[in-house]
Amino acid sequence: METRFTRGKSAILERPLSRPKTEVSVSAFALLFSEVVQYCQSRVYSVTELQARLAELGQRVGASLLDVLVLREKNGKRETKVLNILLFIKVSVWRALFGKEADKLEQANDDDKTYYIIEKEPLVNTFISVPKENSSLNCAAFTGGIVEAILTHSSFPAKVTVHWHKGTTLMIKFNDEVIARDKALEGR
């Protein structure tokens, strides 16, 4: 019995903690996500409720995704500035989720609390056919929930809403204390 433990290292102990990046086929994702949308749709009565349900599911995904990405890509270090966390979302989060960066990141001209992440053709809307009576449905509310959870769990509380503008636009409106903290950090 003693020799069993001394022969050599176990294969599981030799594996690295960070897993290699894996990709999921687009067709598998499309099938799974369309089933999620159908499941949510069968339990709500309006487009607004459906988008809220998708955002809620996205928040669950975002909370878990943040921990994984911070560990893998940032070596456990979290961002402290607004622009850095937004760039992390635009580049690292989008690449982990969709295999590419988001198309644009913009700040509102008239409001220093508002930022936009613009995606011309979001993957979550690509394979969803929307009936005419639900034409305002934007399934990117799921992505908005992911972004909101990542920001909230990174100590950047914000409200993320999804709009049809230049494709799909995620409007991120930070709380006042986040902007005040960011300005204080710049003033150091």
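Each value, and the rule that gives it
- Residues numbered from 1 in each chain as written.
- Predicted model: local features only at pLDDT ≥ 70, side-chain atom pairs only at ≥ 80, totals over all residues.
- Heavy atoms only, no water.
- Phe/Tyr/Trp six-rings, centres within 6.5 Å; stacked < 30°, edge-to-face > 60°.
- Helix = DSSP H or I, 4+ residues; strand = E, 2+ residues; numbered from the N terminus.
- Buried < 20%, exposed > 50% of the residue type's maximum accessible area, 1.4 Å probe, protein only.
- Lys NZ or Arg CZ within 6 Å of the ring centre and 35° of its normal.
- pLDDT = per-residue confidence, 0-100.
- Contact = heavy atoms within 4.5 Å.
- Pairing = 2+ DSSP bridges.
- Axes fitted to C-alpha atoms, helices over the stretch in contact; angles between N-to-C directions.
- Expected span 1.5 Å × (residues − 1).

*Asks:* Mind showing me how you'd approach the packing of aromatic side chains here?
*Replies:* For any two aromatic rings, the description comes down to two numbers: the centre-to-centre distance and the angle of the planes. Inspection of every chain in the model, using the stated rule, returns four aromatic pairs. Aromatic pair Tyr 115 and Phe 174: ring centres 5.8 Å apart, planes at 80°, arrangement edge-to-face. Of the two residues, Tyr 115 is situated in strand S2 (residues 114–119) and Phe 174 in strand S4 (residues 168–174); the sequence distance between them amounts to 59 residues. On the basis of relative accessibility, which here comes to 10%, the residue Tyr 115 falls in the buried class. Looking at Phe 174, the relative accessible area reads 2%, which means it is buried. Taken together, the ring pairs in this structure connect Phe 29, Phe 33 and Phe 142 into an aromatic cluster. Of note, Arg 181 hangs over the ring of Phe 156, and the distance from its end group to the ring centre comes to 4.8 Å.

*Asks:* Looking at this structure, I do not really get the confidence of the model for the protein chain. What am I missing?
*Replies:* Any segment with low pLDDT has predicted coordinates that should not be analysed in fine detail. Looking at the protein chain, the pLDDT average stands at 86 and 88% of residues meet or exceed 70. In the predicted structure, residues 1–5 sits below a pLDDT of 50 and forms zero contacts with residues beyond four places in sequence or in another chain.

*Asks:* What's the story with the sheet that holds strand S1 (residues 104–107) in this structure? I'm lost.
*Replies:* Each strand in a sheet pairs with another by means of backbone hydrogen bonds, the pair being arranged parallel or else antiparallel. Taking strand neighbours across the sheet as the criterion, the four strands line up as S1-S2-S4-S3 in an open arrangement whose pairing is antiparallel. Where the open sheet ends on each side, the last strands, each with one partner, are S1 and strand S3 (158–164). Taking the axes of each pair of neighbouring strands and ignoring which way they run, one obtains an average angle of 20° across the sheet. The pairing of S3 with S4 spans seven bridges and is antiparallel. By the bridge assignment for S4, Trp 164 is matched with Thr 168.

*Asks:* Whenever I open this one, helix H7 (residues 141–153) confuses me. Can you help?
*Replies:* In an α-helix there are 3.6 residues to a turn, and that puts residues three or four apart on one side. Relative to the 18 Å expected for 13 residues at 1.5 Å per residue, H7 spans 18 Å between its end C-alpha atoms, a close match to the ideal helical length. The buried count for H7 comes to 11 of 13 residues, which makes it a mostly enclosed element. All of the buried residues along H7 are Ala 141, Phe 142, Thr 143, Gly 144, Gly 145, Ile 146, Val 147, Glu 148, Ala 149, Ile 150 and Leu 151. Where H7 is buried, its residues contact helix H3 (26–41), helix H4 (47–74), helix H5 (82–98), helix H6 (123–126), S3 and S4. Trailing H7 by a residue or two, Ser 155 shows a phi angle of about 70°, which is positive.

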